[in-house]
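# Topology and contacts: notes
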Amino acid sequence: MADFKTIDKLHRRGLLFILSSPSGAGKTTLSRMLLAADADIKLSVSATTRPPRPGEEDGVHYHFVSDAKFDAMVEEDDFYEWAEVFGYRYGTPKGHIREGLKEGQDYLFDIDWQGTQQLYQKDQQDVVSVFILPPSLAELRRRLEERAQDSDDVIDGRMERARAEISHWAEYDYVVINDNVDECFDRVREVLDAERMRRTRQTGLIPFVRELMG
Ligand SMILES: Nc1nc2c(ncn2[C@@H]2O[C@H](COP(=O)(O)OP(=O)(O)O)[C@@H](O)[C@H]2O)c(=O)[nH]1
Ligand SMILES: Nc1ncnc2c1ncn2[C@@H]1O[C@H](COP(=O)(O)OP(=O)(O)O)[C@@H](O)[C@H]1O
């Protein structure tokens, strides 16, 4: 008889796990927690024309590229999708995502609603999207100020955009409020765990059931 471990190792198709939120609601924090806690998911590193923030590493958080390089990547059809956000361009490189999915690799995307819509259009079956909401707009501003990475003007701009971004909440599969970060993280992991068990992703089930039925 197959024990739980065998069942757990059934082959499955990977998924494209999207975390979006208005800036400051906590998606970077949650992404880092998820990558640290879960060895089966890896970050899809975007290319951006935005300059690096202190502590950000090229090739780890983003591929930091010039405008000319980004133009060339668009020209060469190197992106799954790309969008302009806050005056800079951001794009998802195609890389090896298609092959990785077949092998059961999950990919994490920290992208905005425009990127989410484009990924859905390209590959609906593999996408699972989660929208993170702040508990209040006052708390959102407090977090942006506490992060201390932007000038007051930039924070005002991000707050203005937050309303527009929040208006896309209903386009997502799941919505989680990030009040207490640990509780929010638990919810996000529950979504990921359940989505991994979807019948259509468990490609090893057909041979398993065939053997089960003898
Ligand atoms: N469409 C799209 N959006 C992206 C991509 N990479 C990052 N973004 C979004 O660009 C926005 C700005 O990101 P960033 O400059 O890192 O600031 P953040 O808002 O503090 O995370 C965020 O909403 C990200 O989700 C990408 O490859 N494609
Ligand atoms: N649940 C939370 N409670 C309090 N502070 C939080 C919470 N989640 C994130 N933060 C803090 O808020 C700031 C913005 O979070 P960040 O993950 O950078 O947001 P985003 O990537 O969505 O712009 C950071 O300083 C982070 O440490």
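As the structure is a prediction and not an experimental result, all values here were calculated from the model.

Along the backbone of the chain there are nine helices and nine strands. Over its C-alpha trace the chain gives a radius of gyration of 19 Å, about what one expects of a compact globule, namely 17 Å for 214 residues. Dimensions of the chain along its principal axes, counting C-alpha atoms only, are 70 × 40 × 30 Å. Buried positions account for 44% of the 214 residues belonging to the chain. If you take every contact in the chain between residues at least 6 apart in sequence, the share linking residues at least 24 apart comes to 70%.

It is worth spelling out the sheet that holds strand β7 (residues 106-110) at this point. Sheets are built from strands that pair by backbone hydrogen bonding, the pairs being arranged parallel or antiparallel. Pairing is parallel across the open sheet formed by five strands, whose spatial order is β2-β7-β1-β8-β9. Every interior strand has two partners, whereas the edge strands, β2 (41-43) and β9 (174-177), have only one. Going from strand to strand, the sheet's axes swing by 25° on average, the running direction of each strand aside. Pairing of strand β1 (residues 16-20) with strand β8 (residues 127-133) involves five bridges; the strand directions are parallel. Residue pairing for β8: Ile18 is matched across the bridge by Ser129.

Here the UniProt-annotated "binding site: ATP" (unreviewed entry) positions come out as Ser21, Pro22, Ser23, Gly24, Ala25, Gly26, Lys27 and Thr28. In this structure, the largest pocket is lined, among the annotated residues mentioned, by Ser21, Ser23, Gly24, Ala25, Gly26, Lys27 and Thr28. By relative accessible area, Gly26 is classed as buried at 14%. Summarising the element assignment, Lys27 is placed in helix α2 (residues 27-37). Among the residues examined, Lys27 registers a relative accessible area of 14% and is labelled buried. Every residue in contact with Lys27, bar those within four places of it in the chain, is listed here: Leu19, Ser20, Ser21, Pro22 and Asp110. At a separation of 3.4 Å, a polar atom in the side chain of Lys27 contacts the side chain of Ser21.

Here we come to the pairing of strand β6 (residues 88-93). Put simply, side chains in a regular strand alternate between the two faces of the sheet. Counting buried positions along β6 yields five of six residues, so the element is predominantly enclosed. Two elements, strand β3 (residues 47-48) and β6, share two bridges in a ladder whose sense is antiparallel. Note on β6: the bridge partner recorded for Thr48 is Tyr90. Pairing analysis gives six bridges linking strand β5 (residues 79-85) to β6, with the strands arranged antiparallel.

What follows is about the packing of helix α6 (residues 137-147) against helix α7 (residues 152-166). In the contact formed by α6 and α7, the axes pass within 11 Å of each other and the chain directions differ by 140°. Relative to α7, α6 is oriented oblique. Every pair of crossing elements has a handedness; the one defined by α6 and α7 is right-handed. For the pair α6 and α7, the contacting residues are Leu137, Leu140, Arg141, Leu144, Glu145 and Arg147 in the first and Ile155, Asp156, Arg158, Met159, Ala162, Arg163 and Ile166 in the second. Of the residues contributing to the contact of α6 with α7, the split by class is seven nonpolar, no polar and six charged.

What counts, and where the lines are drawn
- Residues numbered from 1 in each chain as written.
- Chains lettered and ligands numbered in written order.
- Predicted model: local features only at pLDDT ≥ 70, side-chain atom pairs only at ≥ 80, totals over all residues.
- Heavy atoms only, no water.
- Helix = DSSP H or I, 4+ residues; strand = E, 2+ residues; numbered from the N terminus.
- Rg over C-alpha atoms; globule rule 2.2 N^0.38 Å.
- Buried < 20%, exposed > 50% of the residue type's maximum accessible area, 1.4 Å probe, protein only.
- Contact = heavy atoms within 4.5 Å.
- Pairing = 2+ DSSP bridges.
- Axes fitted to C-alpha atoms, helices over the stretch in contact; angles between N-to-C directions.
- UniProt positions renumbered as here; feature names shortened; annotations may be inferred.
- 1 Å grid on protein atoms, 1.4 Å probe; cavity = no way out; pocket = protein on both sides within 12 Å on 5 of 7 lines; lining within 4 Å.
- Polar contact = N/O pair within 3.5 Å; in protein donor to acceptor, adjacent residues only side chain to side chain.
- Parallel < 35°, antiparallel > 145°, perpendicular 65-115°, else oblique.
- Left-handed = near helix turned anticlockwise from the far one by under 90°.
- Nonpolar A, V, L, I, M, F, W, Y, C, P; charged D, E, K, R; others polar.

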